[in-house]
Amino acid sequence: MNKRIYLCLAHMSGCEQDFIKEAFDTNWVVPLGPNVNAFEEELQAFVGENKKVVALSAGTAAIHLGLIQLGVQAGDEVICQSFTFCASVNPVVYLGATPVFVDSEKDTWNMSPELLEKAIEDRITQIGKKPKAIVFVHLYGMPAKVDELMAVAHKYDIPILEDAAEALGSEYKGRKCGTFGKFGALSFNGNKMITTSGGGALVVPNEEAKKETMFYATQAREAFPYYQHERIGYNYRMSNICAGIGRGQMTLLDEHIAHHRHIHALYKEAFEKMDGITLMSNPDESSNANYWLCTILIDEEKTGVDYEELRVALDVKGIETRPLWKPMHLQPVYQHNPCYVDGTSEKLFNKGLCLPAGPCVTDEDVAYIVHEIKQCIYRG
Ligand SMILES: Cc1ncc(COP(=O)(O)O)c(C=O)c1O
C-alpha cells in the first residue's frame, strides 16, 4: 500500500462549488449573506429541539461567545473537563476567568459527575463563590453522561456550555449533542464531521440569544447609523463563502455519520478478537456516538507495545494515528490551576491512540490498519 491513510480528511460533495459560485455571481463575498442564513437554518433543522444556530468563524469563537453570554467575567471560575483539546478551555482565560479542571469517568471518558460535584462543593468552601459555568465535552463524539452532569449543574444552579465540537450528529437518549446546555458549540474545522474549511457555530436557546450572539460576533455594533459601541465585541462571523462550503457539506452529513459508524463497526469486529486492544464504544443504549475518531486503548503488558511504539510503527506504514488528548491539568500552561482528578484521563492519555475514521477511509484501509496493528503487537 503506498497511499497514506489520514485520521479524518475533508471530503467534498461537489456541490460546495455551486454555492460558492452563486456567492461570487451575486457578489456576496462578505461575512453574512444568503449562504450563511441557509446554512444556519439547515443546522437548526438538523439539531432540532427548537434551538437556534449562529454560524461563526470557529468553534473556539462559539465557546468564547457562549461564555460571555453566561456572564463569565474576570475573577470568575469556570469548571472545565480536563480531558479535551485546549479550545474547550482557552476562551475562559480570554475572559480573565480561571478554568478549574475536572477529570473524566471511565465509561465515556467525559466529565465525571461525582468529581464535578466534589469540585463545586470545594470551590464554594475554598473561595466562597460558586463557579460561574460548567463546560463539558463529548470527546471524540462520545456523548457525556448528560443526565448526571445536568442534575449536578441543576442542583447548584450553574449553567452549562456543551462543547459538541467533535460530536455533530452524536445523540444522547435520541437527542442531538449540543442541545442540552444553555449553549452548545460546534466546529467545522478541516478534520471534523463536516468542514467549512474553518468555522464553527453556537447553538443557542432562542431568537433573542441568536441576536445577542450575532451582536457580539459583529464587533458589538449598536443600532445607530454611525458606529456606536457600548460593549466589547469580536469579528467572529462566518463568511458567505465558507457557509457555501457548509451548505454543500450538509448534503453529506448523514452519509458521513453513517460512514464513521460503519468504520467503527469494522474495527469493533476486528479488535474483539485481539487481546490487549480495547476499542472505545457506546457504553450503553443511551449513547449513540458519531465516532468522529475511533479510539483504542493498548494494554502494554498483553500486547508488548506502548501507544508511542505503535504510533511510530503505523506511521512508517503510512497510517496516521494520534495520541489521545493530553489532559489540560497536565499542560504546562495550566499546571497551577485548581484540579479535581483521580488519574483517569492521565491513564487514558498514556494508553490510547486515535485511529483513522474519516469519510476517505475505506473498508480495505481498515483491514490494512488492523493487519499492521497485528504485525506490531504480540511480538515478544
Ligand atoms: C473538543 C474541541 N473543542 C473545541 C474545538 C475548537 O474548534 P475550532 O477548531 O473550530 O475552533 C475543537 C476542534 O478543533 C475540539 O476538538
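Analysis parameters
- Residues numbered from 1 in each chain as written.
- Predicted model: local features only at pLDDT ≥ 70, side-chain atom pairs only at ≥ 80, totals over all residues.
- Near = placed C-beta within 6 Å.
- Nonpolar A, V, L, I, M, F, W, Y, C, P; charged D, E, K, R; others polar.
- Pairing = 2+ DSSP bridges.
- Helix = DSSP H or I, 4+ residues; strand = E, 2+ residues; numbered from the N terminus.
- Domains from an automatic or database assignment.
- Contact = placed C-beta atoms within 7 Å.
- Axes fitted to C-alpha atoms, helices over the stretch in contact; angles between N-to-C directions.
- Parallel < 35°, antiparallel > 145°, perpendicular 65-115°, else oblique.
- Left-handed = near helix turned anticlockwise from the far one by under 90°.
- Buried ≥ 20, exposed ≤ 12 C-beta atoms within 10 Å, placed from the backbone.
- Arc of directions from axis to C-beta.

S.K.: Explanation requested: the site of the ligand in the structure shown.
M.R.: Looking at the ligand, there are 14 residues lining it, with A58, G59, T60, A87 and S187 nearest. Partitioning the shell around the ligand into residue classes produces five nonpolar, seven polar and two charged.

S.K.: Where do I start with the sheet that holds strand β11 (residues 287-288) in this structure?
M.R.: The three strands are arranged β7-β6-β11 in an open sheet whose pairing can be described as antiparallel. Two strands lie at the open edges of the sheet, namely β7 (175-176) and β11, each paired on one side alone. Here strand β6 (residues 171-172) runs beside β7; their pairing, made up of two bridges, is antiparallel. Looking at β7, one finds that Y172 is bridged to R175.

S.K.: So what exactly am I meant to see when it comes to the environment of V152 here?
M.R.: Locating V152 in the fold gives a position in helix α6 (residues 146-155). Placed 123 residues apart in sequence, V152 and V29 show a C-alpha to C-alpha distance of 45 Å.

S.K.: Would you explain the domain arrangement of the protein in this entry?
M.R.: Accessible area lost upon the coming together of the parts is a frequently used measure of interface size. Along its sequence, the protein is organised into domain 1 (16-251) and domain 2 (254-376). Its C-alpha centre places domain 1 at a distance of 25 Å from the equivalent point of domain 2. Those elements giving two or more residues to the side of domain 1 that touches domain 2 turn out to be β3 (98-102), α5 (113-127) and β6. A per-element tally of the side of domain 1 that touches domain 2 places β3 first, with five residues.

S.K.: Quick question: what am I supposed to make of the sheet that holds strand β2 (residues 77-81) here?
M.R.: Sheets are built from strands that pair by backbone hydrogen bonding, the pairs being arranged parallel or antiparallel. Across the sheet, eight strands lie side by side as β1-β9-β8-β5-β4-β2-β3-β14; this open sheet has mixed pairing. Two strands bound the open sheet, and with one partner strand each, they are β1 (52-56) and β14 (339-340). Against the sheet, helix α3 (residues 59-69) engages β1, β2, β4 (133-137), β5 (160-163), β8 (183-187) and β9 (200-204), with an angle of about 170° to β8.

S.K.: Would you mind showing me how to read the packing of helix α1 (residues 16-25) against helix α8 (residues 240-250) here?
M.R.: When two helices pack together, their arrangement is given by the angle between the helix axes and the distance between those axes. Between α1 and α8, the shortest axis-to-axis distance is 7 Å and the interhelical angle comes to 150°. As judged from the angle between their axes, α1 and α8 are roughly antiparallel. As α1 runs across α8, the sense of the crossing is right-handed. Two secondary-structure elements touch here, α1 through E16, F19, I20 and A23 and α8 through N240, I241, G244, I245, R247, G248 and Q249.

S.K.: When you look at α6 in this model, what are you seeing that I'm missing?
M.R.: Spacing of three or four residues puts side chains on the same side of an α-helix, whose turn is 3.6 residues. Looking at α6, one finds that the buried residues are V146, L149, V152 and A153. Angular distribution of buried residues about the axis of α6 spans 135°; they occupy a single face of the element. Turned more than 90 degrees from where α6 packs its buried face, D147, H154 and K155 sit exposed. Residues of α6 that are buried in the fold lie against α5, β4, β5 and β6. Once α6 ends, the next one or two residues include D157, with phi positive near 55°.

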